[in-house]
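# Coordinates in review
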Amino acid sequence: MRTGKSLVLARMLLRFFLRRVARTGVLRSRPVKVLAVGTVALILGAGAVAAYFFLEPMVAQEKVWGLLFEMSTVSVVLWVQIAFLLVKVLFLNAAGMLELSFQLPLTNRERAAALLVYEATMAGIVSAVGFTSLTVAAVVLLGPAAVPRLLEAIVFPIILTYLALSVGYLLLARVLVWLGLRRIQGIVLILVLFSLLMLYASGLGSLSSAASAAYLADRTDFVWVASLAWITHHYGPVAMVSVFLVTAALLTALALWATPSQHVPHSRYLNLPFDWPLVRRLSAYDRCLLRSSQAWLAMVVSAAVFVGLCLDPVVNPLWALAVLSMSGLYQFAATEPLRMLSAQRGTAWRTYGRLVRAQLLLLAGMALPCVAVLAAARPDQLGGSLFALGGCVAGALVAISIGIAFPAEHDNPFSVFVGLAVASAVLGLLGIALGILQMPQILVVLIVAASLAIIVWYSVQGIRTFDSRRRNEKGAATREQHRGGSAVDPRGRSGSASLSHVLDS
Amino acid sequence: MPVLEAKGITYSYDGFVTVLEDVCFDINAGEIVGLLGPNGSGKSTLIKTVFDLLELQGGSVRLDGHEHSSPAAKSAAMYLASNDYLPQFLTGREYVDMLARLYDVEADPEAAARLFEMFSMGGRYHDLIEDYSHGMRKKTQLVSALLMRRPLTIIDETLNGIDIEALHLTERELTRLRDEGRSVVLCTHDFALLERLADRVLFLDHGLLVADADTAVLVEEHGSLADLVFGHLDAEHRRP
């Protein structure tokens, strides 16, 4: 494999991110960009300040810090698994974007290796964000002395867990291909990752107990998840760093070797026969969603989460259906050709209604059998079902809104990732504010309802803006060109036979 | 040694409907070969399997003597897709530079700018591809191929949608490629163009290679390529 060629493609995808993703949807507006970055910074800053004040009284208690770092390592592994799963789901839906590289002289392995760079970056960002508060507070309170311990407890475990998951994922992918299961390997791999996550989450309590018991008893028991801390304790930091470097190098080499020569999937939609009398009434928007491979992936993951929650109901199992809203992230961009048809023209509200209707149909299609299963298998869990389903509807509205604000052109995972990050920051900020203010429940419900109303209104405004841009495409493109003239050659084009039609104003 | 050796290519999208069945042909160095066939005959699938964009389900493909999925094979051939789906976020120059890095060739900016000028795109080399019209994007693909000058260039209906002047220029440049000993596969429905340009024609229908012969021979036998194709399509054995 020619890694240099993979890096050329990786650089092209970076330009795709900077020039397309960061300049489409709401991100066209500089104030929105500043606001988005500010919100993320505010969330991280608030977390760091809260962690600082929480940890300040313990600054001199060496033992407590040791326990805290060990507990962080236990959480890091879970957090990286979540990030890895999220990123794999996003990239599994990225076939449209990969078509960009069809004309480039790259092998399928080189193409896959280029994507691994982005997968690792995204997973790294998600993983790092989860531990920013502790990291900043520890450095401020303990000074540079905290750095080696942060490396040992957080940074190195993040890297090793990610690499180990990658190697496992790639090797399993090879085994599935060898077994002739290439066509369904994506879904199988996601389910395996999810099972692994559930397995680790179920053992989190015992791992935490083992780590804390050892610390409290002044013992240095071997807890596999905190192996690096154990090596430091027994053989010193140099040995720990050496073990980390060797393991990371081996896992990286193994991951590169195991990267399969995977062909880009050629079908984004399943050819489902919608010929029965009732189903014939489905609109083109409904069919677009119900046939999309993204919706089916969401259904499979949702079913797996539902089964997991039925077995261990930490929340009402119907909350599993919230995963279905993931398909809403792609829905607006995927239905763009329908809005180009003159016969399909309608108001922005009507378009929004069509998008929501399709999501509700999908939700209803899954909710009916799930409620039936719940009533039969776990009737004790039926209470709160309405609330859970309401939450799923809210999730669908939020997902559609993200899809409109950050349209996933050619199913690119970057737009979805940025959209999810900004939405998480805004909703996180709202959650923190509600938590701090400790308002009466009825007021919280009203605020949530008002937030949803704003999301709906904002979505409709977004559709309106897109419609208006499309109708005025010629003028808008000319203005864009003049405004953004410095990015490209602004030389006079007037009167040239080579002028593109969008510039002939 | 042929620049492209395809032996027994078989492909099916769903495991039931066979799109390509035991397709065998060679492309020799220094020849222009036309690829003909109605929509759905398997032309684009054939091209994608040649470039390993679709997994080969049967047979083998070698490009310039290398197994088609190998890095060496990738360097030997260039694919111009039927759509105009180029990286719109790059400028024409950036796109050409990227291809040059991938093919390990020296991209001469002056030659590139000259070709842009020749194809009526003067002054647009540094513009974003996003601002190019459909025809300009296709011409950018052609210019890239002329700059990279690979042993084999496969053009999948890229010539549809470009203006007459550019088409005339393309014919001249493709002839020059052939004279240099390079090969071109031209997938098009333009029979007249193939009669003027192609040394040989492959005719694909329902995934089967129904003709593989010199253009002159086919024209002599059938009167014209159009008569060959329409005669086959109207034949009794082909009707449903």
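See the structure above.
Throughout what follows, the structure given in this document is the object of discussion. Sequence order as written defines the numbering, with residues in each chain counted from 1. The order in which chains are written sets their letters, starting at A; the order in which ligands are written sets their numbers, starting at 1. With pLDDT at 70 or above as the cut-off, local features in this predicted model cover only qualifying residues; side-chain atom pairs require 80 or more to be listed or tallied, and sums for whole chains, interfaces and linings still use all residues. To get the side-chain values, all heavy atoms of the structure are used, and hydrogens and water are removed first.

## Points about the interface of chain A and chain B
A common measure of how large an interface is: the accessible area buried when the components associate. Convention followed: Two residues qualify as a contact provided that any one of their heavy atoms is within 4.5 Å of a heavy atom in the partner residue. Once two parts are put together, the accessible area they lose, assessed with a 1.4 Å probe and summed over both, is termed the buried area. The salt bridge criterion pairs a side-chain nitrogen of Lys or Arg with a carboxyl oxygen of Asp or Glu, the two atoms within 4 Å. Helix and strand assignments come from DSSP, with helices taken as H or I runs of at least 4 residues and strands as E runs of at least 2, each series counted from the N terminus. Polar here means any residue other than Ala, Val, Leu, Ile, Met, Phe, Trp, Tyr, Cys and Pro, which are nonpolar, and Asp, Glu, Lys and Arg, which are charged; Gly is therefore polar.
Taken residue by residue, the interface counts 42 residues in chain A and 46 residues in chain B. In total, chain A and chain B occlude about 3800 Å² of area from one another, counting both sides; carbon and sulfur atoms represent 56% of this. Our enumeration of links across chain A and chain B arrives at two salt bridges. As a salt-bridge pair, lysine 5 of chain A and aspartate 104 of chain B come within 2.7 Å of each other at their nearest N and O atoms. Broken down by secondary-structure element, the contributors of at least two residues to the side of chain A that touches chain B are α1 (3-19), α4 (95-98) and α5 (108-130) of chain A. At seven residues, the largest contribution of residues to the side of chain A that touches chain B is made by α1 of chain A. Taken together, the residues that form the side of chain A that touches chain B break down as 15 nonpolar, 13 polar and 14 charged.

## As for the sheet that holds strand β5 (residues 66-67) of chain B
Strand pairing in a sheet relies on backbone hydrogen bonds, with the paired strands running either antiparallel or parallel. All names here are of chain B. Test applied: Here, strands pair whenever DSSP counts at least two bridges between them. Under this scheme, a helix contributes an axis fitted over its contacting stretch, all axes are lines through C-alpha atoms, and angles between N-to-C directions fall in the 0 to 180 degree range.
On the basis of which strands lie adjacent, the open sheet formed by four strands has the order β2-β1-β4-β5 and antiparallel pairing. The open sheet terminates on both sides in strands that have one partner only, identified here as β2 (18-27) and β5. Of the strand pairs in this sheet, strand β1 (residues 4-12) and β2 are connected by six bridges, and their pairing is antiparallel. Directly across from leucine 4, in β2, lies its bridge partner isoleucine 27. Helix-sheet contacts for helix α1 (residues 43-50) involve β1, β2 and β4 (58-63), and the interaxial angle to β2 is about 60°.

## Notes on the nonpolar core
In plain terms, the rule: Remark: nonpolar core denotes a set of buried residues (Ala, Val, Leu, Ile, Met, Phe, Trp, Tyr, Cys) joined through side-chain atoms within 4.5 Å. Residue exposure (1.4 Å probe, protein chains only): buried if accessible area is under 20% of the type maximum, exposed if over 50%, otherwise partly exposed. An automatic or database domain assignment is the source of the domain bounds shown.
Residues Leu321 and Phe414 of chain A are the most contacted members of the largest nonpolar core, which totals 161 residues. Structurally, this core is a two-domain feature, drawing no fewer than three residues from each of domain 1 (1-266) and domain 2 (288-405 + 439-481) of chain A. Dropping the residues within four chain positions of it, leucine 321 of chain A is found in contact with Ser302, Leu363, Met366, Ala367, Cys370, Leu389 and Cys392 of chain A. Counting residues in hydrophobic clusters, the runner-up holds 31 residues, among them Ile9, Leu53, Ala77 and Val185 of chain B.

## Regarding the pattern of salt bridges
Residues and elements named next belong to chain B. One pass over the structure, following the stated rule, counts 18 salt bridges over all chains. Put simply, arginine 178 and aspartate 199 hold a salt bridge, and the shortest N to O gap is 2.8 Å. Here aspartate 199 lies in the loop between α7 (191-197) and β9 (200-205) and arginine 178 lies in helix α6 (residues 164-179), a separation of 21 residues in the sequence. According to the relative accessible area criterion, arginine 178 is buried, its value standing at 18%. Put simply, Glu31, Arg200 and Asp212 are held in one network by salt bridges that share partners.

## Some words on the sheet that holds strand β10 (residues 208-214) of chain B
All names here are of chain B. If you trace the six strands from one edge of the open sheet to the other, you get β6-β7-β8-β3-β9-β10, paired in mixed fashion. Bordering the open sheet on either side are β6 (77-80) and β10, each of which pairs with just one other strand. Across this sheet, the average inter-strand angle for adjacent strands is 15°, counted without regard to direction. Across four bridges, the pairing between strand β3 (residues 32-36) and strand β8 (residues 183-187) is parallel. Residue pairing in the sheet places glycine 34 in a bridge with leucine 186 of β8. Together, β6 and β7 (152-156) form the strand contacts of helix α5 (residues 134-148), whose direction differs from that of β6 by roughly 170°.

## Topic: the packing of α1 of chain A against helix α3 (residues 92-103) of chain B
For clarity, the threshold we go by: Working definition: roughly parallel below 35 degrees, roughly antiparallel above 145 degrees, roughly perpendicular at 65 to 115 degrees, and oblique for all remaining angles. By convention, the crossing between two helices is left-handed when the near helix turns anticlockwise from the far helix through less than a right angle, and right-handed when the turn is clockwise.
Two elements in contact, α1 of chain A and α3 of chain B, have axes whose closest approach is 9 Å; the angle formed by their N-to-C orientations is 160°. In terms of their interaxial angle, α1 of chain A and α3 of chain B are classed as roughly antiparallel. Along this stretch, α1 of chain A crosses α3 of chain B, giving a crossing that reads as left-handed. Judged by residue contacts, Lys5, Val8, Arg11, Met12, Arg15 and Arg19 of chain A of α1 of chain A engage Glu94, Met98, Arg101 and Leu102 of chain B from α3 of chain B. Of the residues that constitute the contact of α1 of chain A with α3 of chain B, the class distribution is four nonpolar, no polar and six charged.

## Overview of unusual backbone geometry
Residues and elements named next belong to chain B. Not every positive phi belongs to a glycine, and serine 120 is a case in point at roughly 60°. You can see serine 120 is positioned in the loop between α4 (109-118) and α5. On the accessibility criterion, serine 120 (22% relative accessible area) is partly exposed. A positive phi is found at arginine 149, a non-glycine position, where the angle reads about 45°. Relative to the assigned elements, arginine 149 resides in the loop between α5 and β7.

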